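# Chains, contacts and geometry: an overview
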Amino acid sequence: MSRVQNGTTNKSQDSNHRKPVVIPVSSRLHEGRALAQDVWSIFNAANLPPDCLNLGQGYMNFAPPKWITVAAEEALNIVGPNHYSHPKGRPRLRQAIKQFYGPQFNRDLDIESNILVTSGANEGQYSVFTAFLDFGDEVIMFEPFFDQYLPSVTFNGGKPVYVPLHPPSHDIAKPTSNDWTINFEELRAAITPRTKMIIVNTPHNPVGKVFTRAELEKIAALAEEFNLLVMADEVYDCLVFDNQEHVRIATLPGMWERTVTVGSAGKSFAATGWRVGWLIAPPSIIMPTLAASTRIIFCTNSPLQEAAAAGLEQAADRQFFETQLREYQERRDVFVSTLDQLGVKYTLPEGTYFVLMDSSNIKFPDDYPFPESVLGRGRDFRACWFIAMEVGVSSIPVSEFYCQEHISLGESYVRFSFCKDLDTLKAAGERLQKLKKYLA
């Protein structure tokens, strides 16, 4: 009996001294910054003061229109929409996309071969990368870039190549997003024999830039010259201010055949948690992407596809997008007026719901108790932390959206989201006035 007990005890002691099991993770997680502590975890509500107003993350604090949520409820009470949809998307939504977007593309879109419904814009983009990137293929992205691009490219074997949008000159008193410019010599120099794709995000997150027709024509010429696939991320297409023209690069001569346009119900209808997006492209792009998407998610949730369809079907009669645009322009103007009152420079966005504020004149004490998570990064990380802690308004450091070599281009800026109700924006503006005593 004692030998058995001793044996059991020895085995137990051995197990206590074993090294912990560590299974090596894929290198793609490191290459795509997926394991790094990102801005969303640093500037999370759990780390900030409990009464901090969240103008950092780009989600709304108001509900989608009632008539769209009613359509979602109705879909839940029907048998069909509670089950799998076709991987291409529910026919009703594809038909609604055809009717709504066809005239904007000057095309009679085919719901079987020109439209693919995806689980949010992100999954649509990811599936395009899966379908078209081979290991080592290069993807050009303009900085600052939407942070999801990087892991989506690297997870699929691609290599990101960065071309910066150059910030406005310091002598411009009232810069707009159009003052962030492309150096086309730099863009051409970035193209190599391995370049496969270029991402054009217009209106642009986080700058708010609406790419001009002239800029898009130059990009299109390079895409044709070097046989590049263009991913047109146009999820903010319904938020273009000041009578600016939103040009769809797919409509330029010779570009339909090489362009996939990305759309989003979440951005369009204040329903970012629904995760319903879509791609519009020729069959040569849609069908390979469908093959990839089918193996990644099979299909997108059915009831909310029905609701998104209702949104597009009724938008014109309800003047929904026209009304929404006026409401967002009011939000933008209310918020930037508080920045004018504060006396700081900012980039007036001509699209999206983001404002970049120049934080370089905000001076914080050298011995301020910053957490380790914001040290050793761009100055904007410390500026965002300081603003959140001292005045109770959260923002996002723009240098997060740059490669390491170009951080200096973005670290003067912090990003505020104005996709909030007016009361929240006014309250945030009042709090930001407390920064006056910290301005140099």
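That block above? That's the structure.
Anyway, here's the lowdown on the structure attached to this text. Throughout, a residue's number is its position along its own chain's written sequence, starting from 1. Per-residue local features are limited, in this predicted model, to residues with pLDDT of at least 70; the limit for side-chain atom pairs, both in listing and counting, is 80 or more; totals at the level of whole chains, interfaces and linings are taken over all residues. Neither water nor hydrogens contribute to the side-chain values; these are computed over all heavy atoms in the structure.

### Some thoughts on the side chain of Arg-94
Numbering of helices and strands runs from the N terminus, with a helix taken as a DSSP run of H or I at least four residues long and a strand as a DSSP run of E at least two residues long. Position of Arg-94 relative to the elements: it lies in helix α5 (residues 91-105). Not counting residues up to four positions away in its chain, the partners in contact with Arg-94 are Lys-88, Gly-89, Ile-111, Glu-112, Ile-115 and Val-117. Working rule for contacts: check all heavy atoms of both residues, and any pair within 4.5 Å makes them a contact.

### Considerations on the layout of surface pockets
Reported here for the largest pocket is a volume of approximately 1000 Å³. Taken together, 49 residues make up the lining of the largest pocket; nearest its centre are Trp-40, Phe-146, Asp-147, Gln-148 and Phe-401. Counting only elements with at least two residues in the lining of the largest pocket, the list comes to α6 (120-132), α7 (149-155) and α10 (265-268). Top element by residues in the lining of the largest pocket is α6. It accounts for four residues. Note on residue classes: Ala, Val, Leu, Ile, Met, Phe, Trp, Tyr, Cys and Pro are nonpolar, Asp, Glu, Lys and Arg are charged, and everything else, Gly too, is polar. Residue composition of the lining of the largest pocket, by class: 23 nonpolar, 17 polar and nine charged. Volume-wise, the second largest pocket comes out at about 380 Å³. A pocket, in this scheme, is an open set of points on a 1 Å grid over the protein atoms alone with protein on both sides within 12 Å along at least 5 of 7 lines, while a cavity is a set where a 1.4 Å probe fits but cannot get out; residues line either one if an atom lies within 4 Å of a point. Grid points are joined across faces, edges and corners, and a volume is the space filled by probe spheres set on the points.

### Some remarks on helix α12 (residues 302-315)
Its 14 residues place the ends of α12 20 Å apart at the C-alpha level, agreeing with the 20 Å of an ideal helix rising 1.5 Å per residue. Counting buried residues along α12, twelve of its 14 residues qualify, which places the element largely inside the surrounding structure. Exposure categories follow from relative accessible area, calculated using a 1.4 Å probe and restricted to protein chains: below 20% of the type maximum is buried, above 50% is exposed, and the middle band is partly exposed. Among all positions in α12, only Ser-302, Pro-303, Leu-304, Gln-305, Glu-306, Ala-307, Ala-308, Ala-309, Ala-310, Gly-311, Leu-312 and Ala-315 are buried. On its buried face, α12 sits against α4 (66-76), α5, β2 (115-118), α10, β9 (277-280) and α13 (320-342). A helix is expected to span 1.5 Å for every residue after the first.

### A few points about the pairing of strand β3 (residues 138-143)
Regular strands show a simple pattern: their side chains alternate between the two faces of the sheet. In terms of residue burial, β3 counts as a mostly covered element, since six of its six residues are buried. Every second residue of β3 is oriented toward a common face, with Glu-138, Ile-140 and Phe-142 on one face and Val-139, Met-141 and Glu-143 on the other, all of them buried. Pairing analysis gives six bridges linking β3 to strand β4 (residues 159-166), with the strands arranged parallel. For Met-141, the partnering residue across the bridge sits in β4 and is Tyr-162. When DSSP finds two or more bridges between a pair of strands, those strands are recorded as paired.

### So, the nonpolar core
Grouping buried Ala, Val, Leu, Ile, Met, Phe, Trp, Tyr and Cys residues that are joined through side-chain atoms within 4.5 Å yields what is termed a nonpolar core. Core analysis: the largest hydrophobic core is formed by 135 residues, its most contacted members being Phe-142 and Ile-219. Ranked by residues supplied to this core, first place goes to helix α14 (residues 379-391) with eight residues. Beyond its immediate chain neighbours, meaning those up to four positions away, Phe-142 contacts Val-163, Leu-165, Ile-182, Leu-187, Ile-198, Ile-199, Val-200, His-204, Phe-211 and Ile-219.

### Here we look at empty space enclosed by the protein
By the definition in use, this model includes four cavities of 30 Å³ or more. Of the voids in this model, the largest cavity is the one considered here, and its volume is about 80 Å³. Forming the walls of the largest cavity are Pro-168, Ser-169, His-170, Ile-172, Pro-175, Lys-345, Tyr-346, Thr-347, Asp-358 and Tyr-413. In terms of residue class, the lining of the largest cavity is made up of five nonpolar, three polar and two charged.

### A look at the sheet that holds strand β13 (residues 396-397)
Read from one edge of the open sheet, four strands run β10-β11-β14-β13, paired in antiparallel fashion. In this open sheet, the two edge strands, each paired with only one partner strand, are β10 (346-347) and β13. With two bridges joining them, β10 and strand β11 (residues 354-358) adopt antiparallel strand pairing. Each bridged residue has a counterpart across the sheet, and for Thr-347 the counterpart in β11 is Leu-356.

### With respect to the packing of α4 against α12
For any two helices packed against each other, the geometry is given by the interaxial angle and the distance between the axes. A fitted line through C-alpha atoms serves as each axis, taken over the contacting stretch for helices, and the angle formed by two N-to-C directions is quoted from 0 to 180°. Packing of α4 against α12 brings their axes to within 8 Å, and their N-to-C directions diverge by 140 degrees. Considering their axes alone, α4 and α12 lie oblique with respect to each other. Here the hand of the crossing between α4 and α12 comes out right-handed. Side by side, α4 and α12 meet where Trp-67, Ile-68, Ala-71, Ala-72, Ala-75 and Leu-76 of the first sit next to Pro-303, Leu-304, Glu-306, Ala-307, Ala-310, Gly-311, Gln-314 and Ala-315 of the second. Orientation labels follow simple angle bins: below 35 degrees gives roughly parallel, above 145 gives roughly antiparallel, 65 to 115 gives roughly perpendicular, and whatever is left gives oblique. Crossings are sorted by hand: turned counterclockwise from the far helix by less than a right angle, the near helix makes the crossing left-handed, and turned clockwise it makes it right-handed.

### Remarks on the sheet that holds β2
Sheets are built from strands paired through backbone hydrogen bonds, the pairs being either parallel or antiparallel. A sheet is described by the order of its strands in space; here eight strands give the open sequence β2-β9-β8-β7-β6-β3-β4-β5, paired in mixed fashion. Two strands close off the open sheet at either side, each with one partner strand: β2 and β5 (181-182). Where strand β6 (residues 195-201) lies against strand β7 (residues 229-233), five bridges are found, and the strand directions are parallel. Looking at β7, one finds that Val-200 is bridged to Ala-232. Against the sheet, α6 makes contact with β2, β3, β6, β7, β8 (259-264) and β9, and its axis sits at roughly 175 degrees relative to β7, the strand it touches most. Along the sheet, helix α11 (residues 283-296) contacts β2, β7, β8 and β9; its crossing angle with β2, the most-contacted strand, is approximately 25 degrees.

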